[in-house]
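This is what each chain is made of:
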Amino acid sequence: MEHLFDKLKENGESNIYPLHMPGHKRHACGKLPGEMYLRDITEIEGFDNLHQPQEILLELQRKAADLYGAEESFYLINGSTAGILSAISAALPAGGHILMSRNCHKSAYHGAYLRNLTISYLYPKVVGEYDIFDTISPEQVQKALEQEPDVGAVLIVSPTYEGRISDIGRIAEIVHKKKIPLIVDEAHGAHLGWADGFAENSCRLGADLVIHSVHKTLPALTQTALLHVNGNLIDREQLKRFLHIYQSSSPSYLLMASIDNALDYVSGETARLFGDFLENWNDMLDRLFGCRHLHFLPETSERKGVKQDVGKLVISTKGTPLSGRQLYDILLNKYQLQPEMASESYVLAMFTVNDTKEGYERLTQALLEIDGRLTDSAVTDGVATDDAAEEIPCRMDTVIQNQGAIPLAKAWDMGKKVVNLAEAVGCYAGEFVNLYPPGVPVLVPGERISEETYESICRWIRQGLTVQGVEVRERKNSIKVLKDVQEE
Ligand SMILES: Cc1ncc(COP(=O)(O)O)c(C=O)c1O
């Protein structure tokens, strides 16, 4: 089969003079490596067109569909973000009603806003002591659909950013009884379904639309993603129209070659890559479970990768004098280990098929050392603060307090004013507020700001976490709220 990366190499080395875009004309300039410029093209003769694929891109998309068990797949060069926007837009008419989990990525909210959708939320439970959003249960979906009979599509995020995997098979059966589509934001699950020991991917579990960020969990360049479609509940022409709207008209062939390359590489050596991945992962977990203070997800009972994804290690500092941010700083500054993120009471570390034994070894050693120095009263490395030991409400409890809102599609366009954060309690949010990463909104425009949310935001800022949507103005934390609100 012909590969995009081979064709780009051939083109870069050919004698053909580029009287076309991109403007670098295949010559390196400045400090970036020349190879990048040699391979970087957009649509030219012989390279097909992403917005109307007929040759190599069509073939590659078919190959992706075969690998994931989908009827049709699309290459995305604007990340899963473009896939989620397109999926939501195609699954529902403008003004429709979506049922979605409240821990969806911001792109889902943006899709709902753009199509003027009414949103009903599924609130995930929280995983016991870890303060992370858990799965959405089939029973929850069933109940919500009974309560909201005019819902036109359901959107679930699975695996979550922290790796929680919902029972998509059962949820798909429930959703399909209503003859409406199920969209699964599987941005964090492009590695699912490839080998034993990993959960199945949602295309094979009955979902109608599935979105994968190839760049998140497979070895591909940033922004690469796939959208898969199955069944007859989605109008494919409509879907293509929205892909056309949301994706660049100059798709990067480097990015597309990177999708091709990643899938080709992983499918060529599946058993070895995923076998080594599982072995290294399990060895690390075996050793980490010897820690006396730090706690880990997956817990021992969840080692099979069914409910907690292989590759997502949640390191909880609850009950220790360290906050998540402090553990993150120690890992980065003392051990030169860059975690994926820090939250109040945990750190997230990610592994994929491309991690080396050295990576596992360095994290394991570091955590064993840190844990060994954590005595019940000791403060490690002199960085603990009062907040670390403070009993903190979990993030989902904070989010639930904000219910009773003005619909997003209306609220985001309403007049706003900037107020001091301290004066915002009881007001309606005028902008999204995200504890970043991963971009799951704590406040959605139109939601009423509760005392609990206010206190949580202040605490996150004190702890040095990134809170998007709160700005410092005149040395005070400020937030946009709606003005002149008539409650609905
Ligand atoms: C659950 C989830 N969905 C979608 C996205 C968007 O993915 P991308 O960055 O590929 O656009 C993210 C990004 O972090 C995410 O966490």
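Residues numbered from 1 in each chain as written. Predicted model: local features only at pLDDT ≥ 70, side-chain atom pairs only at ≥ 80, totals over all residues. Heavy atoms only, no water.

Trainee: Which residues make up helix H4 (residues 79–91), and what values go with them?
Mentor: The terminal C-alpha atoms of H4, which comprises 13 residues, lie 19 Å apart, in line with the 18 Å expected from a rise of 1.5 Å per residue. Burial within H4 is extensive, with 12 of its 13 residues counted as buried. (Helix = DSSP H or I, 4+ residues; strand = E, 2+ residues; numbered from the N terminus. Expected span 1.5 Å × (residues − 1). Buried < 20%, exposed > 50% of the residue type's maximum accessible area, 1.4 Å probe, protein only.)

Trainee: A description of the environment of alanine 94 should follow, citing residues and the corresponding values.
Mentor: Tracing the chain through its elements places alanine 94 in the loop between H4 and strand E2 (97–101). Distance in space between the C-alpha atoms of alanine 94 and leucine 263 is 35 Å, their sequence separation being 169 residues.

Trainee: Explain unusual backbone geometry residue by residue, including any values.
Mentor: With an omega dihedral of 5°, the bond running from leucine 297 to proline 298 counts as a cis peptide bond. Inspection of the secondary structure assignment puts proline 298 in the loop between strand E10 (295–297) and strand E11 (312–316). Positive phi values are uncommon outside glycine, yet glutamine 223 reaches one of about 90°. Of note in the backbone geometry, glutamine 336 takes a positive phi value of approximately 50° without being a glycine.

Trainee: Tell me about the packing of aromatic side chains, and name the residues and values.
Mentor: Counting across every chain of the model gives 15 aromatic pairs. Between phenylalanine 198 and phenylalanine 277, the ring centres sit 5.3 Å apart and the planes meet at 50°, which makes this aromatic pair tilted. Of the two residues, phenylalanine 198 is situated in the loop between strand E7 (182–185) and strand E8 (209–213) and phenylalanine 277 in helix H11 (residues 270–288); the sequence distance between them amounts to 79 residues. Side by side, phenylalanine 198 and phenylalanine 277 carry an identical accessibility label, which is buried. (Phe/Tyr/Trp six-rings, centres within 6.5 Å; stacked < 30°, edge-to-face > 60°.)

Trainee: Describe the nonpolar core, and please don't skip the residues or the numbers.
Mentor: Note that soluble globular proteins tend to have their nonpolar side chains buried in a common cluster. Residues Val154, Leu182, Leu313 and Leu367 are the most contacted members of the largest nonpolar core, which totals 82 residues. Per-domain counts for this core show at least three residues from each of domain 1 (4–268) and domain 2 (274–389). Excluding anything up to four places from it in sequence, leucine 313 contacts Trp281, Met284, Leu285, Leu288, Phe296, Leu297, Val347, Leu348, Ala349, Leu363 and Leu367. Membership of the second largest hydrophobic core comes to 34 residues, among which are Tyr109, Ile211, Val229 and Val444. (Core = buried A, V, L, I, M, F, W, Y, C linked by side-chain atoms within 4.5 Å. Domains from an automatic or database assignment. Contact = heavy atoms within 4.5 Å.)

Trainee: Describe the pairing of strand E3 (residues 118–122), with residues and values.
Mentor: Where E2 meets E3, five bridges bridge the pair, whose relative direction is parallel. Among the inter-strand pairings, serine 101 is bridged to a residue of E3, identified as leucine 122. Taking the sense of rotation as the criterion, the β-α-β connection linking E2, helix H5 (residues 106–114) and E3 turns out right-handed. (Pairing = 2+ DSSP bridges. Right-handed = clockwise from strand over helix to strand, strands pointing away.)

Trainee: An account of the site of the ligand is needed here, citing residue identities and associated values.
Mentor: Taken together, Gly79, Ser80, Thr81, Ile84, His105, Val157, Asp185, Ala187, His188, Ser213, His215 and Lys216 make up the full set of residues near the ligand. Residue serine 80 places a main-chain N or O atom 2.8 Å away from an oxygen atom belonging to the ligand. Histidine 188 places a side-chain nitrogen or oxygen 2.7 Å from an oxygen atom of the ligand. About the coverage of the ligand: the protein hides 85% of its 390 Å² of free accessible area. Where the shell around the ligand is concerned, the elements lending two or more residues are H4 and helix H8 (214–217). (Near = heavy atom within 4 Å. Polar contact = N/O pair within 3.5 Å; in protein donor to acceptor, adjacent residues only side chain to side chain. Areas by Shrake-Rupley, 256 points an atom, 1.4 Å probe, with all protein chains shown as cover.)

Trainee: Which residues make up helix H17 (residues 451–462), and what values do they have?
Mentor: The end-to-end C-alpha separation of H17 is 17 Å, in line with the 16 Å expected for 12 residues at 1.5 Å each. Taken as a whole, H17 has its buried residues at Thr453, Ser456, Ile457, Arg459 and Trp460. All buried residues of H17 lie within an arc of 165° about the axis, which places them on one face of the element. Phi for glycine 464, located one or two positions after H17, is positive at around 80°. (Arc of directions from axis to C-beta.)

Trainee: Pulling in residues and values, what's your account of the pairing of strand E19 (residues 476–482)?
Mentor: Pairing of strand E14 (residues 416–420) with E19, which is carried by five bridges, proceeds in the antiparallel orientation. Among the inter-strand pairings, lysine 417 is bridged to a residue of E19, identified as valine 481. In the sheet, strand E18 (residues 470–473) pairs with E19 via four bridges, with the strands oriented antiparallel. Within E19, the residue paired with arginine 473 across the bridge is lysine 476. Counting the residues in the hairpin turn of E18 and E19 gives two residues, including glutamate 474, whose phi is positive at 45°.

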